[in-house]
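# Inside the fold
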Amino acid sequence: MKTLEEWYVSGCDISELAHRCNLSYDAMFKVMKNSGIKMRQMYHLPYYPAVARDGQLVRSSFEHRVCNWLSDRNIAHKHEPYIPGSTAKGRRQKRGDFLVNGWFIEIWGLIGVPSYDAKKVEKLALYRQMNIPLIEIFPAAFSKDAPSGERWEDVLTRCLTRPTFHQPTLPI
């Protein structure tokens, strides 16, 4: 089985490798760069950020697909909303990928990258701490081989209804 570098050296471009690995272009670019693979000059410029059909600037091919899906269905959404409660002394406020109908949507485009995984853990803790409704989408959901019900479009249908909040029962 060929390694990522062998595929790239044999002529595959970053887009094709991203597709093979179920990653966005941006995610694959970062993986290759962090792996020390020497990039061909003409292919190292990422295609993203790009403008979605509704005019929003998105940062990955996965975000592009989600934003266009929402826009095509006239679903009001906000790209990169601030996560409530994410400001702390001297730290930047964190952002989700989308906010739709009371749901935050996170598209976890990288898997196994330590710096990204650390930020993910931090954000997930914040979502739990603040009791924020969250829809998570992983790269495998964008694969044409994803099982029915697990495809990104299937996952997104949850945001069409408002989340319900369960109030804890207080002792009397």
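Reading guide: rules and limits
Residues numbered from 1 in each chain as written. Predicted model: local features only at pLDDT ≥ 70, side-chain atom pairs only at ≥ 80, totals over all residues. Heavy atoms only, no water. 1 Å grid on protein atoms, 1.4 Å probe; cavity = no way out; pocket = protein on both sides within 12 Å on 5 of 7 lines; lining within 4 Å. Points joined across faces, edges and corners; volume = space filled by probe spheres on them. Helix = DSSP H or I, 4+ residues; strand = E, 2+ residues; numbered from the N terminus. Nonpolar A, V, L, I, M, F, W, Y, C, P; charged D, E, K, R; others polar. Buried < 20%, exposed > 50% of the residue type's maximum accessible area, 1.4 Å probe, protein only. Polar contact = N/O pair within 3.5 Å; in protein donor to acceptor, adjacent residues only side chain to side chain. Contact = heavy atoms within 4.5 Å. Phe/Tyr/Trp six-rings, centres within 6.5 Å; stacked < 30°, edge-to-face > 60°. Pairing = 2+ DSSP bridges. Right-handed = clockwise from strand over helix to strand, strands pointing away. Axes fitted to C-alpha atoms, helices over the stretch in contact; angles between N-to-C directions. Core = buried A, V, L, I, M, F, W, Y, C linked by side-chain atoms within 4.5 Å.

## A few points about the layout of surface pockets
Approximately 1000 Å³ is the volume found for the largest pocket. Lining the largest pocket are 32 residues, with Lys30, Arg59, Tyr116, Lys119 and Lys123 positioned closest to its centre. If you list the elements that add at least two residues to the lining of the largest pocket, you get α3 (25–34), α4 (61–72), β5 (103–107) and α5 (114–129). At 6 residues, the largest contribution of residues to the lining of the largest pocket is made by α5. Of the residues in the lining of the largest pocket, the class split is 10 nonpolar, 7 polar and 15 charged.

## Things to note about the side chain of Ser71
For Ser71, the position within the fold is in helix α4. Overall, the relative accessible area of 17% leaves Ser71 in the buried class. Within polar-contact distance, the side chain of Ser71 engages the side chain of Asp54 at 3.0 Å. Sequence-distant contacts of Ser71, that is, excluding residues within four places in its chain, are made with Asp54 and His77.

## Remarks on the packing of aromatic side chains
Taken as a whole and judged by the stated rule, the model has 4 aromatic pairs. Summarising the aromatic geometry, the rings of Phe62 and Phe142 are spaced 4.0 Å apart at their centres and angled 10 degrees between planes, so their arrangement reads as stacked. One end of the pair, Phe62, is in helix α4; the other, Phe142, is in the loop between β6 (134–137) and α6 (152–156), with 80 residues separating them in the sequence. Given a relative accessible area of 7%, Phe142 falls into the buried group. Note on Trp108 and Tyr116: the rings are 6.5 Å apart at their centroids and 85 degrees apart in plane angle, and the pair reads as edge-to-face.

## Focus on the pairing of β6
Each regular strand displays side chains that alternate between the two surfaces of the sheet. Relative to β6, β5 runs parallel, the two being bridged by 4 bridges. Within the sheet, the bridge partner assigned to Phe104 lies in β6 and is Leu134. Taking the sense of rotation as the criterion, the β-α-β connection linking β5, α5 and β6 turns out right-handed.

## Looking at the sheet that holds β6
In spatial order, the strands read β3-β4-β5-β6; together these 4 strands make up an open sheet with mixed pairing. The sheet is open, and its two edges are formed by β3 (78–79) and β6, each paired on a single side. Lying over the sheet, α4 contacts β3, β4 (98–100), β5 and β6, oriented at roughly 20 degrees with respect to β4. Lying over the sheet, α5 contacts β5 and β6, oriented at roughly 165 degrees with respect to β5.

## Some remarks on the environment of Lys78
Position of Lys78 relative to the elements: it lies in strand β3. Through-space distance from the C-alpha of Lys78 to that of Val100 is 6.7 Å; in sequence the pair is 22 residues apart. Ignoring any residue separated from it by four or fewer positions in sequence, one finds Lys78 in contact with Gln56, Asp97, Phe98 and Leu99.

## Describing the nonpolar core
Nonpolar side chains in soluble globular proteins generally cluster together in the buried interior. Val66, Leu70, Phe98, Ile105, Ile107, Ile137 and Trp152 are the most contacted members of the largest nonpolar core, which totals 21 residues. Within the residue set of this core, elements represented by two or more residues are α4, β4, β5, β6 and α6. Per-element accounting of this core gives the leading share, 5 residues, to α4. Membership of the second largest hydrophobic core comes to 14 residues, among which are Leu17, Ala18, Met39 and Val113.

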